[in-house]
Amino acid sequence: MTALLASAACTSGSDTNTSSGSGGDAANSAATGGSSVSTGPGGGGDEAVKLVINEIMYDPKAVSDESGEWLELYNAGVNAVDLQGYRIHDQGQNSHTIADSLTVEAGGYVVLGRSGSNNGGYQADYVYGEDFFLANSADSVVLRAPDDTEIDSVKYGSSDPWPTKVAGVSIELSAPTLDNANPSSWQLAIVSYGDGDLGTPGQPNGGSLPGKYSIDETVD
């Protein structure tokens, strides 16, 4: 499968990502278009790859976990990146290497999903199937380049200090410039997609849902 994602504007934030992955250094996050395609952490020229784990849907409600889980990457660098050969894994045995060419433009998003159909209504740019799944309590997501360099990683939880889990609601960075290793950088999504779950797959993040509410309740 080949996907070329259009550049999209991201929500802004003033804090700089300081995580161990290279999702930080947000000075280049606004750059888009016209750049070479990178396949490794060295990027085009001297510019490093800056891919950010930006949103995670680990407990969908509209459909089963087996169909509805997904995660979103944001390209905060100045060059497009071809994700073929990149690998997602956790701290256990779940691991998947992206087998097909999958280009994410500078300033753009890519959605990696567990299923491409009957998945709650989001558009998966790439389907990783059963090789990788997201635990509903706590888990890790690690992104590695083809040379095994760690590009970014998140070890999330489902209760304080992380946003308290609400079934059918993704967790998303308040801004992709923030330190995604810091639980306070994350919030619950409030925008509805597809069959009624909340999240912004493939789109800029925005809004937050007060933790005491579920998606079955009305928030004024």
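This text goes with the structure placed above it.
Think of each chain on its own: its residues are numbered from 1, step by step along the sequence as written. Reporting of local features is limited, given that this is a predicted model, to residues whose pLDDT is at least 70; pairs of side-chain atoms are given and counted only at 80 or more, and all residues count toward the totals for whole chains, interfaces and linings. As a rule here, side-chain values cover all heavy atoms of the structure and leave hydrogens and water aside.

J.: Can you tell me about the nonpolar core, naming the residues and giving the values?
T.: In this structure, Leu-51, Ile-56, Leu-83, Tyr-86, Leu-112 and Tyr-156 are the most contacted members of the largest nonpolar core, which totals 39 residues. Strands here are runs of E lasting at least two residues and helices are runs of H or I lasting at least four, both read from the DSSP assignment and numbered beginning at the N terminus. Elements represented by at least two residues in this core include exactly β3 (51–57), β4 (70–75), β9 (109–113), β11 (139–144), β12 (150–156), β13 (171–173) and β14 (186–188). In terms of residue count, β3 provides more of this core than any other element does, four residues in total. The contact criterion used throughout is that any non-hydrogen atoms of two residues lie within 4.5 Å. In contact with Leu-83, not counting residues within four places along its chain, are Leu-51, Leu-73, Ile-98, Leu-102, Val-104 and Val-110. Met-57, Trp-70, Val-111 and Tyr-193 belong to the second-largest nonpolar core, a separate cluster that totals six residues. Only buried Ala, Val, Leu, Ile, Met, Phe, Trp, Tyr and Cys residues count toward a nonpolar core, and they belong to the same one when joined by side-chain atoms within 4.5 Å. Each residue is placed in one exposure class: buried if its accessible area under a 1.4 Å probe, protein chains only, is under 20% of its type's maximum, exposed if it is over 50%, and partly exposed if it falls in between.

J.: Which residues make up the environment of Tyr-109, and what values do they have?
T.: Tracing the backbone through its elements, the reader meets Tyr-109 in strand β9. Measuring from C-alpha to C-alpha, the distance between Tyr-109 and Asp-125 comes to 9.4 Å, with 16 residues separating the pair along the chain.

J.: Quick one: what's the story with the environment of Ala-80, residue by residue and with numbers?
T.: Locating Ala-80 in the fold gives a position in strand β5 (residues 80–82). Note on Ala-80: relative accessible area 0%, which makes it buried. It is 8.8 Å that separates the C-alpha atoms of Ala-80 and Val-49, two residues lying 31 residues apart in sequence.

J.: So what about the pattern of salt bridges? Which residues, and what values?
T.: When a carboxyl oxygen of Asp or Glu is within 4 Å of a side-chain nitrogen of Lys or Arg, the pair counts as a salt bridge. Inspection of every chain in the model, using the stated rule, returns five salt bridges. Notably, a salt bridge pairs Lys-165 with Asp-59, separated by 3.7 Å at the nearest N-O pair. Here Asp-59 lies in the loop between β3 and α1 (65–68) and Lys-165 lies in the loop between β12 and β13, a separation of 106 residues in the sequence. A salt bridge links Asp-148 to Arg-87, with the shortest nitrogen-to-oxygen separation between them at 3.2 Å. Pair noted here: Asp-148 is in the loop between β11 and β12 and Arg-87 is in strand β6 (residues 87–89), with a separation of 61 residues, a long-range link. Given a relative accessible area of 23%, Arg-87 falls into the partly exposed group. Connected through shared salt-bridge partners, Glu-69, Arg-114 and Glu-130 make up one network.

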